[in-house]
Amino acid sequence: MLPTYRELIQSSQIERFDAQVLLLHVLQKNRAWLIAHDDEAATSLEAAQFSALARRRYDGEPVAYLLGRREFYGRDFIVNSSVLIPRPDTELLVELALERAPENGKVIDLGTGSGCIPITIKLERPDLIVSALDLSGDALAVAQANAQALHADVRLLQSDWFAAVQGEVFDLIVSNPPYIHSDDEHLNQGDLRFEPTGALTDGHDGLHHLRSIINAAPAHLQRGACLLLEHGWDQGAACRELLQAAGFSDVQTWQDLGRNDRVSGGCWRE
Ligand code: GLN
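Criteria and cut-off values
Residues numbered from 1 in each chain as written. Predicted model: local features only at pLDDT ≥ 70, side-chain atom pairs only at ≥ 80, totals over all residues. Heavy atoms only, no water. Helix = DSSP H or I, 4+ residues; strand = E, 2+ residues; numbered from the N terminus. Expected span 1.5 Å × (residues − 1). Buried < 20%, exposed > 50% of the residue type's maximum accessible area, 1.4 Å probe, protein only. Contact = heavy atoms within 4.5 Å. Salt bridge = Lys/Arg side-chain N within 4 Å of Asp/Glu carboxyl O. Near = heavy atom within 4 Å. Polar contact = N/O pair within 3.5 Å; in protein donor to acceptor, adjacent residues only side chain to side chain. Nonpolar A, V, L, I, M, F, W, Y, C, P; charged D, E, K, R; others polar. Disulfide = S-S within 2.5 Å. Axes fitted to C-alpha atoms, helices over the stretch in contact; angles between N-to-C directions. Parallel < 35°, antiparallel > 145°, perpendicular 65-115°, else oblique. Left-handed = near helix turned anticlockwise from the far one by under 90°. Phe/Tyr/Trp six-rings, centres within 6.5 Å; stacked < 30°, edge-to-face > 60°.

K.L.:
Hey, could you run me through helix α2 (residues 16-27) in this one?
P.N.:
Think of an α-helix as 3.6 residues a turn; residues three or four steps apart then line up on the same face. Counted at 1.5 Å a residue, the expected span for α2 with its 12 residues is 16 Å, and the 16 Å between its end C-alpha atoms agrees. Of all 12 residues that make up α2, 9 are buried, and the element is covered over most of its length. Packed against the buried residues of α2 are α1 (5-10), α3 (31-37), α4 (44-58) and α5 (63-67).

In structure tokens, the structure reads:
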């Protein structure tokens, strides 16, 4: 006898919520449908597809990679193991960017990954001219697919930080660069084990890319334009120091919903 949907979830050995989400993905149904039909027998194909996903989840693969998507700022983004899984913390960076971007301004996102930041900015503020770059061609392919699926007009460039935009100036620069210290034990835990290492850590002290961006940004900022950087909970003071040393004004740090320092920034008034 084939198991019912409820039995499939109960016997899965993974968290109930994850099991539900994976089963809904296999069935291509919503939660309300499952509640009304959970005593029906699964087909053998559904049971096999669900078991394969549940096994991969049991072995640690992130739910977002198994589904191939993750919600960010109310929209669905395509993800795969070439890009960092968008985090709710990063919505703070987007909100600050939306507040600071001047009307019809030029905005750029450095290290865009899935493209969740520039695509959201463009869709929330169609007046802005938005560019984004990434070193990884595989990541850019994901960002391109997202821009297309969400109908966002974002210029995407393959570039080692500012290399491909030499001589260009912007009204706002944002970035969520790799900022985890290479010794951080979290890199060997949970979802992070499956995410691209180069998107998570700089291979050094965690400040390596933040420092490069802060030092290179002034040459690409219009007078009065701001730089906003996401960083780790313990990197706020270090980022403010770097920003001040580079000559930025109005340097400050903002906290995420968990009350951790998460974004620091400053404006270029020279
Ligand atoms: N900009 C992308 C994000 O915030 C990717 C960031 C990264 O790979 N470090 O999700």
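K.L.:
Explain the pattern of salt bridges here, please?
P.N.:
Counted under the stated rule, the structure contains 15 salt bridges. For R155, the salt bridge is made with E168, and the minimal N-O distance between the two is 2.8 Å. Here R155 is found in strand β5 (residues 154-158), whereas its partner E168 is found in the loop between β5 and β6 (170-175), with 13 residues between them in sequence. Taking relative accessible area as the criterion, R155 reaches 33% and is therefore assigned partly exposed. Linking R262 and D256 is a salt bridge whose minimum nitrogen-to-oxygen distance equals 2.9 Å. Among the charged side chains, a network of salt bridges with common partners joins D89, D256 and R262.

K.L.:
Sorry, what's going on with the site of the ligand here?
P.N.:
Neighbouring the ligand are the residues L84, T90, G111, T112, G113, C116, I117, N176, P177, P178 and A199. Between the ligand and G111 there is a distance of 3.2 Å, counted from a nitrogen atom to a backbone nitrogen or oxygen. Within the contact set of the ligand, an oxygen atom lies 2.7 Å away from a side-chain nitrogen or oxygen of N176. Each residue belonging to the shell around the ligand can be placed in one class, and the counts come to 6 nonpolar, 5 polar and no charged.

K.L.:
Please clarify how the state of the cysteines should be interpreted in this entry.
P.N.:
Such a bond, covalent and formed between the sulfur atoms of two cysteines, is termed a disulfide. Considering all chains together, one arrives at 1 disulfide under this definition. Residue pairing for C226: its cysteine sulfur links by disulfide to C267, the two sulfurs lying 2.4 Å apart. One quick way to see it: the torsion about the S-S bond of C226 and C267 is about 60°, and its sign makes the bridge right-handed. Remark: C267 occurs in strand β9 (residues 261-267) and C226 occurs in strand β7 (residues 221-230); sequence separation between them is 41 residues. We classify C226 as buried; its relative accessible area is 8%. Take C116: it sits in no disulfide, and the sulfur closest to it among the cysteines is that of C239, at 19 Å. We classify C116 as buried; its relative accessible area is 8%. Here C239 is not disulfide-linked; the sulfur of C267 is the nearest cysteine sulfur, at 15 Å.

K.L.:
Please explain helix α7 (residues 116-124) as it appears in this structure.
P.N.:
Among the 9 residues that make up α7, 7 are buried, leaving the element largely enclosed by the rest of the structure. The complete set of buried residues in α7 reads C116, I117, P118, I119, T120, I121 and K122.

K.L.:
What exactly am I supposed to notice about the packing of helix α10 (residues 208-216) against helix α11 (residues 236-245) here?
P.N.:
Each pair of packed helices can be summarised by the angle the axes make with each other and by the distance between the axes. Between α10 and α11, the least distance of the axes is 9 Å, while the angle of their chain directions is 25°. It follows that α10 is roughly parallel to α11 by the angle criterion. For the element pair α10 and α11, the recorded crossing hand is right-handed. Taken together, the residues of α11 that come into contact with α10 (itself represented by L210, R211 and I214) are C239, L242 and L243. Its residues assigned to classes, the contact of α10 with α11 shows 5 nonpolar, no polar and 1 charged.

K.L.:
Even after reading the chapter, I still don't get the packing of aromatic side chains, so can you show me in this structure?
P.N.:
Remark: the centre distance and the inter-plane angle together describe each pair of aromatic rings, the angle taken between the planes. Applying the stated criterion across every chain yields a total of 4 aromatic pairs. When the centroid spacing of 6.1 Å and the interplanar angle of 80° are considered together, the rings of F72 and F77 count as edge-to-face. With respect to burial, F72 and F77 carry one shared label: buried. Ring pairing ties together the aromatic residues F72, Y73 and F77, which thus form one cluster.

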